[in-house]
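# Observations on the model geometry
Take a look at the letters that make up each chain.
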Amino acid sequence: MPFSLLKYGLSSEYPAEVDLPAPKELRDSYDVVIIGGGGHGLATAYYLARYHGVTNVAVLEKAYLGGGNTARNTAVIRSNYLTSEGVRFYTESVKLFKALSNEFDFNIMYSERGQLTLAHTDATVRAFRQRAEVNKHFGGRTEMIDRQQIRELVPTLNLDPGHLPVLAGLWHIDGATARHDAVAWGYAKQAAKRGVEIHQLTEAQDFVVENGRVAAVKTNRGTVRCGCVVQAIAGYSSLLMNKLGIRAPIHSYPLQAMVTQPFKPFLDPLVSSSALHCYVQQTGRGEVVIGGGSDPYPLYNTRSTLELKEGLLAHAIEMFPFLANARLMRQWAGITDMTPDYSPIMGLSPLENYYLDAGWGTWGFKATPICGKTMAELVASGGKVPELIRPFALERFSRFQQVNEMGATAASH
């Protein structure tokens, strides 16, 4: 048997399907250069190739595919936002997520589990009622539930943590999770099949600008001319925009999370608290994921800290007291690019052929499919902004037309 396996592995006719072609040299020019090989960049490349026939595309990733914020999040998918613009946008993303495994012929391990957000004050209950109605009006499945319903939904939850008893909850039926690496690799595999070139270890370092357009991208592997450029680099967005003189109100903060040893299943929904600034979920492997607010100061560093870990664990234990006996297995951080209104910046830039996908803060992963789809429509149309992302234009800040999603999560804001 071992000899047969060795012979099989060394055979020149090895039948296993290769997800990505072998690395190749950069060409001199491409119709579209996408900077960032995370979920958003790969999704944009895939939708361009599959639905618009644009295949002369290069995705440039300075490290490895999906190794940035796509790999450094807690994989939550939801659409229970505050504004009509946000709800419409993320509702479409949830719909696309549900069909991705079939579209890729690749299991992204999508699991619809629902999200429960706890209300500890009368003011929060009133805000949640309004939020539920906005969600229902624009196609989301969200409703208010009382203490008894919460107790039936999550029997292990402590409904009276300290001085903050749970009064009610916002139950978002569409809340879900998926494997973040599977999403990235699904998009990468299908884009590569259609001719998109994916170049890892290729860093965009500078630009050649001619007549108000980006004529070429300078990389550590040479200069590449381009028809247009899409920027999708999450927490490093402002650094690249600064090279082009594009001003944007983005500040980057570390966002930390952690995971415990595995337990037998005890928690199906995702549970978050608006007062404790903490959320808890259990993975399919039994681990308990704990997340919360961003660090209170800007920093380009994915280190984890004892201070934030202690604060998060204290709040998680208030929600689920038995976690006091759990052992932590891992802790990590991503770099979030926050805007003043906690909504993304999507669409046009001051440069004619340079398109922006930035300012995602803490909700970049859940927007992956709809972001890729709409950015592909933008590029393929030559700059006609899709209606769904018009509210997220960079110019909204100079026009004082912010889309205020502050408070749309129970953790970071």
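The present account deals with the structure reproduced in this document. In this text the structure is predicted, and so the values were computed from the model without any measurement. (Residues numbered from 1 in each chain as written. Predicted model: local features only at pLDDT ≥ 70, side-chain atom pairs only at ≥ 80, totals over all residues. Heavy atoms only, no water.)

## Description of the nonpolar core
Val32, Phe89, Ile108, Tyr187 and Ile198 are the most contacted members of the largest nonpolar core, which totals 60 residues. Mapped by element, the contributors of at least two residues to this core are β1 (29-35), α2 (39-52), β2 (57-60), α3 (84-104), α6 (180-193), β12 (222-231) and α9 (368-380). Of the residues forming this core, the biggest block, 8 residues, is contributed by α3. When neighbours within four sequence positions are excluded, Ile198 is seen to be in contact with Leu20, Leu42, Val59, Leu65, Ala188 and Ala192. The next biggest cluster of nonpolar side chains, apart from the first, holds 26 residues, and it includes Ile35, Cys226, Leu240 and Met241. (Core = buried A, V, L, I, M, F, W, Y, C linked by side-chain atoms within 4.5 Å. Buried < 20%, exposed > 50% of the residue type's maximum accessible area, 1.4 Å probe, protein only. Helix = DSSP H or I, 4+ residues; strand = E, 2+ residues; numbered from the N terminus. Contact = heavy atoms within 4.5 Å.)

## Section: the pattern of salt bridges
Following the criterion strictly, the structure yields 20 salt bridges and no others. The partner of Arg113 in a salt bridge is Asp268, and the shortest N-O contact between them spans 3.9 Å. Taken together, the residues span a long stretch of sequence, with Arg113 in the loop between β4 (111-112) and β5 (115-119) and Asp268 in the loop between β13 (251-262) and β14 (270-273) at a distance of 155 residues. When the shortest N-O distance is used, the salt bridge between Arg147 and Asp160 registers 3.3 Å. Of this pair, Arg147 sits in helix α5 (residues 147-153) while Asp160 sits in the loop between α5 and β7 (168-172), and the two are 13 residues apart along the sequence. Through salt bridges with shared partners, a single ionic network connects Lys98, Glu112, Arg141 and Asp174. (Salt bridge = Lys/Arg side-chain N within 4 Å of Asp/Glu carboxyl O.)

## Let's talk about the side chain of His199
Positionally, His199 belongs in strand β9 (residues 197-199). Given the relative accessible area of 3%, His199 is considered buried. Only 3.5 Å separates the side chain of His199 from the side chain of Tyr30, close enough to count as a polar contact. Here the side chain of His199 touches Glu197 through a polar contact of 2.8 Å, side chain to side chain. Setting aside anything within four residues of it in sequence, one finds His199 in contact with Lys24, Glu25, Leu26, Tyr30, Ala58, Val59, Leu60, Glu61 and Arg221. (Polar contact = N/O pair within 3.5 Å; in protein donor to acceptor, adjacent residues only side chain to side chain.)

## Some words on the sheet that holds strand β3 (residues 76-77)
Strand order across the open sheet formed by 3 strands is β3-β8-β4, with antiparallel pairing between neighbours. Looking at strand neighbours, the two that pair on one side only are β3 and β4, the edges of this open sheet. Pairing of β4 with strand β8 (residues 176-177) involves 2 bridges; the strand directions are antiparallel. Residue pairing in the sheet places Glu112 in a bridge with Ala176 of β8. (Pairing = 2+ DSSP bridges.)

## Some words on a nonpolar patch on the surface
Taken together, the side chains of Tyr236, Leu239 and Tyr300 define a hydrophobic patch exposed on the protein surface, amounting to about 260 Å² of accessible area. By the secondary structure assignment, Tyr236 is in the loop between β12 and α7 (237-243). (Patch = residues over 30% accessible without salt bridge, like charges linked within 9 Å, V, L, I, M, F, W, Y side chains within 5 Å. Areas by Shrake-Rupley, 256 points an atom, 1.4 Å probe, with all protein chains shown as cover.)

## A word on the sheet that holds strand β16 (residues 287-294)
With respect to topology, 8 strands assemble into an open sheet ordered β6-β7-β5-β14-β15-β16-β13-β17, the strand pairing being mixed. Among the strands making up the open sheet, the edge pair consists of β6 (142-146) and β17 (328-338). The mean angle between the axes of side-by-side strands here comes to 20°, regardless of whether they run parallel or antiparallel. The sheet contact formed by β5 and β14 spans 4 bridges and is parallel. Its bridge partner being in β14, Leu118 is matched across the sheet by Ser273. Running over the sheet, helix α4 (residues 122-137) touches β5, β6 and β7 and is turned about 145° from β6. (Axes fitted to C-alpha atoms, helices over the stretch in contact; angles between N-to-C directions.)

## With respect to α2
With 14 residues, α2 extends 19 Å from end C-alpha to end C-alpha; this agrees with the ideal 20 Å at 1.5 Å per step. Counted residue by residue, α2 has 11 buried out of 14 residues, so it is predominantly covered. Buried within α2 are the following residues: Gly39, His40, Gly41, Leu42, Ala43, Thr44, Ala45, Tyr46, Tyr47, Leu48 and Ala49. (Expected span 1.5 Å × (residues − 1).)

## Regarding the packing of α2 against α9
The N-to-C vectors of α2 and α9 enclose an angle of 55°; their axes lie 7 Å apart at closest approach. Taken together, the axes of α2 and α9 lie oblique to each other. Like other packed secondary-structure pairs, α2 and α9 cross with a definite hand, here right-handed. For the pair α2 and α9, contact is made by Gly39, His40, Ala43, Thr44, Tyr47, Leu48 and His52 and by Thr368, Pro369, Cys371, Gly372, Lys373, Met375, Ala376, Glu377, Val379 and Ala380, respectively. The class makeup of the residues in the contact of α2 with α9 is 9 nonpolar, 6 polar and 2 charged. (Parallel < 35°, antiparallel > 145°, perpendicular 65-115°, else oblique. Left-handed = near helix turned anticlockwise from the far one by under 90°. Nonpolar A, V, L, I, M, F, W, Y, C, P; charged D, E, K, R; others polar.)

## Notes on unusual backbone geometry
Phi at Leu201 takes a positive value of approximately 55°, unusual for a residue other than glycine. Looking at where Leu201 falls in the secondary structure, it is placed in the loop between β9 and β10 (204-210). Since its relative accessible area comes to 60%, Leu201 is described here as exposed. At Asn211, a position not held by glycine, the phi torsion is positive, near 55°. By the element assignment, Asn211 lies in the loop between β10 and β11 (213-219).

In short, shape yes, function no, at least from these values alone.
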